[in-house]
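# Notes for the structure review
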Amino acid sequence: MGMWTVRALRAVLVVVLAGTVFVQVLMVWALATDPEDGSLPLTPLRVITMLGMVTAQVAVVCVWQLVAMVRRGTVFSPAAFRYVDVMIGAIVSAALLWFAVTAVNAPGQREDPGVTLIMGGVGVAVLGVALIVLVLRMLLAQAVARDVEATRMRAELDEVI
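Description of the structure in this document.

Rules of the game
Residues numbered from 1 in each chain as written. Predicted model: local features only at pLDDT ≥ 70, side-chain atom pairs only at ≥ 80, totals over all residues. Heavy atoms only, no water. Axes fitted to C-alpha atoms, helices over the stretch in contact; angles between N-to-C directions. Helix = DSSP H or I, 4+ residues; strand = E, 2+ residues; numbered from the N terminus. Parallel < 35°, antiparallel > 145°, perpendicular 65-115°, else oblique. Nonpolar A, V, L, I, M, F, W, Y, C, P; charged D, E, K, R; others polar. Expected span 1.5 Å × (residues − 1). Contact = heavy atoms within 4.5 Å. Left-handed = near helix turned anticlockwise from the far one by under 90°. 1 Å grid on protein atoms, 1.4 Å probe; cavity = no way out; pocket = protein on both sides within 12 Å on 5 of 7 lines; lining within 4 Å. Points joined across faces, edges and corners; volume = space filled by probe spheres on them. Phe/Tyr/Trp six-rings, centres within 6.5 Å; stacked < 30°, edge-to-face > 60°. Lys NZ or Arg CZ within 6 Å of the ring centre and 35° of its normal.

## A look at the packing of helix 3 (residues 79-105) against helix 4 (residues 113-160)
The interhelical angle for the contact between helix 3 and helix 4, taken along N-to-C directions, is 175°, at an axis separation of 9 Å. Classified by the interaxial angle, the pair formed by helix 3 and helix 4 is roughly antiparallel. Residues of the contact of helix 3 with helix 4, tallied by class, amount to 24 nonpolar, five polar and two charged.

## Brief notes about helix 4
Between its first and last C-alpha, helix 4 extends 71 Å over 48 residues, near the 70 Å set by a 1.5 Å rise per residue. Looking at the buried positions of helix 4, the neighbouring elements they touch are helix 3.

## A closer look at the packing of helix 2 (residues 42-72) against helix 3
Their axes nearest at 9 Å, the elements helix 2 and helix 3 cross at an angle of 160°. With respect to their mutual orientation, helix 2 and helix 3 come out roughly antiparallel. Every pair of crossing elements has a handedness; the one defined by helix 2 and helix 3 is left-handed. Here the residues of the contact of helix 2 with helix 3 sort into 22 nonpolar, four polar and no charged.

## As for the layout of surface pockets
To find leftover empty space, one rolls a probe the size of a water molecule over the atoms. Reported here for the largest pocket is a volume of approximately 340 Å³. Together, 15 residues line the largest pocket, and L66, V75, V84, L136 and L140 are the ones closest to its centre. Mapped by element, the contributors of at least two residues to the lining of the largest pocket are helix 2, helix 3 and helix 4. The biggest single contributor to the lining of the largest pocket is helix 4, with five residues. Taken together, the residues that form the lining of the largest pocket break down as 14 nonpolar, no polar and one charged. Size it by volume and the second largest pocket reaches roughly 160 Å³. Lining the second largest pocket are L45, I48, T49, G52, T55, A94, L97, W98, V101, V122 and V126. Put simply, the parts of the chain that give the lining of the second largest pocket at least two residues each are helix 2, helix 3 and helix 4. Element by element, the count of residues in the lining of the second largest pocket is highest for helix 2, at five residues.

## Thoughts on the packing of aromatic side chains
Counted according to the given criterion, the structure contains zero aromatic pairs. Positioned above the aromatic ring of W4 is the side chain of R7, whose terminal nitrogen or guanidinium carbon lies 5.5 Å from the ring centre. Positioned over the ring face of W64 is R10, at 4.8 Å from the centre of the ring.

This is the structure in structure tokens:
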């Protein structure tokens with residue numbers, strides 16, 4: 001990864017992290033000061049939103065750590081799996097939270113059930129992202145295995161020479 005790529009990615013990650021913290025602070029403030037008027041179940045939606053921000057924050061921290069590993073040249077190691085696994089868990093958690101938002105919102109959509117179907121489709125798409133990251137994890141596992149094999153073969157070759 002180039003220096004500018006890393007800097008740009010880290011800038012985006014900082015903005016996302018700051019944005020999610022800002023949304024969480026707003027949700028806590030809204031929970032404390034803004035009463036529900038009965039039109040929407042605001043409290044559950046606000047709590048789910050705060051939890052959703054946590055999933056984004058976890059993913060940001062994992063990406064940050066993986067970028068650091070890339071810069072150090074240690075990404076092809078078993079330690080990288082921990083961050084990828086946590087990221088997959090965060091994405092699945094985000095999808096489950098989205099399904100919870102869909103369920104909380106569904107009773108208000110009785111006249112237009114298409115909204116609930118679209119929201120469910122978005123949840124399935126988020127699960128699809130988790131599956132893509134899982135495939136990338138499998139590619140990482142293959143790369144780590146090949147790196148270990150190459151190291152072993154280099155050691156054997158050094159012994160022969």
